[in-house]
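# Results of the structural survey
Below, each chain spelled out in residue letters.
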Amino acid sequence: MPPTATLADIKAHQRKVEKDKITPYNLPPCPRCRVESEFFKIHAYRERRFLIIIEMLIKAAYCSLVRFKCPGCNKTFTDYPDFAIPHKHYTRPSITGFSASYLQSDDMTYQQAVMVDNSAPGYPQSDSSEAPTLAPTTIHRWITTLGRFTQTCRTALILLLQENPVSSICRDLARLIIPQRKYKTIQRKKQLTGCQHLVIIEAFFQATFKTSIFTKLATRCAFS
Ligand SMILES: [Zn+2]
């Protein structure tokens, strides 16, 4: 089974939006002016297209995301459901799952990392052309994106250590080695390290707070 959010996850979020069940109360305060999130107002609803994998086929599913506005400084924030990653159409389980599979072993290649049980998830066949599949370069791009959330990771790490000061997470992060064959530039090494950190912190975060860092830290999900 390829890692993916399900259609049920996306429909459940849409129902929550329609029933006004999405609230800003659990978000951190505004990072710009420190106004507490309980004072945030609903600013807009944006329809977003997500790509999920159903029986090895990549399909589009739509739901609304809520945007909040800080009354102190007018900064706006998107509420990210547990399955979403800022700026991405594929869902968090797919993006972190395929990226983690590339990072998990020294000799894993991007070509191998897209494969699930000997085939890659495909796009539904169009009339003329052969149906394309999830591309190895897509995973390369996902790792670039995940590697850029360093500020979000730092904030998440602080929350984790506040919750559990004796957590093994710092040891786990310090022990990481990115195999030399996976990068040719220092910049790529940084992206791979950042992505690996995010995957580990996200796993600890899910275990501790039962939610994704992107959901809990929605006001802090900027790239640094
Ligand atoms: Zn503000």
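Residues numbered from 1 in each chain as written. Predicted model: local features only at pLDDT ≥ 70, side-chain atom pairs only at ≥ 80, totals over all residues.

### Re helix 2 (residues 92–104)
- Along its 13 residues, helix 2 runs 17 Å from first to last C-alpha, staying within 8% of the 18 Å computed at 1.5 Å per residue.
- Counting buried residues along helix 2, ten of its 13 residues qualify, which places the element largely inside the surrounding structure.
- Within the sequence span of helix 2, burial applies to Arg92, Pro93, Ser94, Ile95, Thr96, Phe98, Ser99, Ala100, Tyr102 and Leu103. (Helix = DSSP H or I, 4+ residues; strand = E, 2+ residues; numbered from the N terminus. Expected span 1.5 Å × (residues − 1). Buried ≥ 20, exposed ≤ 12 C-beta atoms within 10 Å, placed from the backbone.)

### Quick word on helix 4 (residues 136–146)
- For helix 4, the full list of buried residues reads Ile139, Trp142, Ile143 and Leu146. With its buried residues spanning 100° around the axis, helix 4 presents them on a single face.
- Structurally, helix 4 contributes buried residues whose contacts are with helix 2, helix 3 (110–113) and helix 7 (186–209). (Arc of directions from axis to C-beta. Contact = placed C-beta atoms within 7 Å.)

### Observations concerning the packing of helix 5 (residues 150–163) against helix 7
- Between helix 5 and helix 7, the least distance of the axes is 10 Å, while the angle of their chain directions is 35°. Our pair here, helix 5 against helix 7, has a crossing hand that is left-handed. Judged by residue contacts, Thr150, Cys153, Ala156, Leu157, Leu160 and Glu163 of helix 5 engage Gly194, His197, Leu198, Ile201, Phe204, Phe205 and Thr208 from helix 7.
- Partitioning the contact of helix 5 with helix 7 into residue classes produces eight nonpolar, four polar and one charged. (Axes fitted to C-alpha atoms, helices over the stretch in contact; angles between N-to-C directions. Left-handed = near helix turned anticlockwise from the far one by under 90°. Nonpolar A, V, L, I, M, F, W, Y, C, P; charged D, E, K, R; others polar.)

### Quick word on the domain arrangement of the protein chain
- If you check the domain split of the protein chain, you get domain 1 (7–78) and domain 2 (92–220).
- Between domain 1 and domain 2, the C-alpha centre-to-centre distance is 22 Å.
- Listed by partner, the interface residues are eleven residues for domain 1 and twelve residues for domain 2.
- Elements represented by at least two residues in the side of domain 1 that touches domain 2 include exactly strand 2 (57–69) and strand 3 (76–78).
- Grouping the amino acids of the side of domain 1 that touches domain 2 by side-chain chemistry returns nine nonpolar, two polar and no charged. (Domains from an automatic or database assignment.)

### Observations regarding the nonpolar core
- Ranked by size, the top nonpolar core spans 45 residues in total, and within it Phe98, Ile139, Ile143, Leu146, Ala156, Ile201 and Phe214 carry the most contacts.
- Of all the secondary structure elements, the ones that give two or more residues to this core are strand 1 (41–54), strand 2, helix 2, helix 4, helix 5, helix 7 and helix 8 (213–216).
- No other element matches the six residues that helix 7 contributes to this core.
- Taken together, domain 1 (7–78) and domain 2 (92–220) each give at least three residues to this core, which thus spans both. (Core = buried A, V, L, I, M, F, W, Y, C linked by C-beta atoms within 7 Å.)

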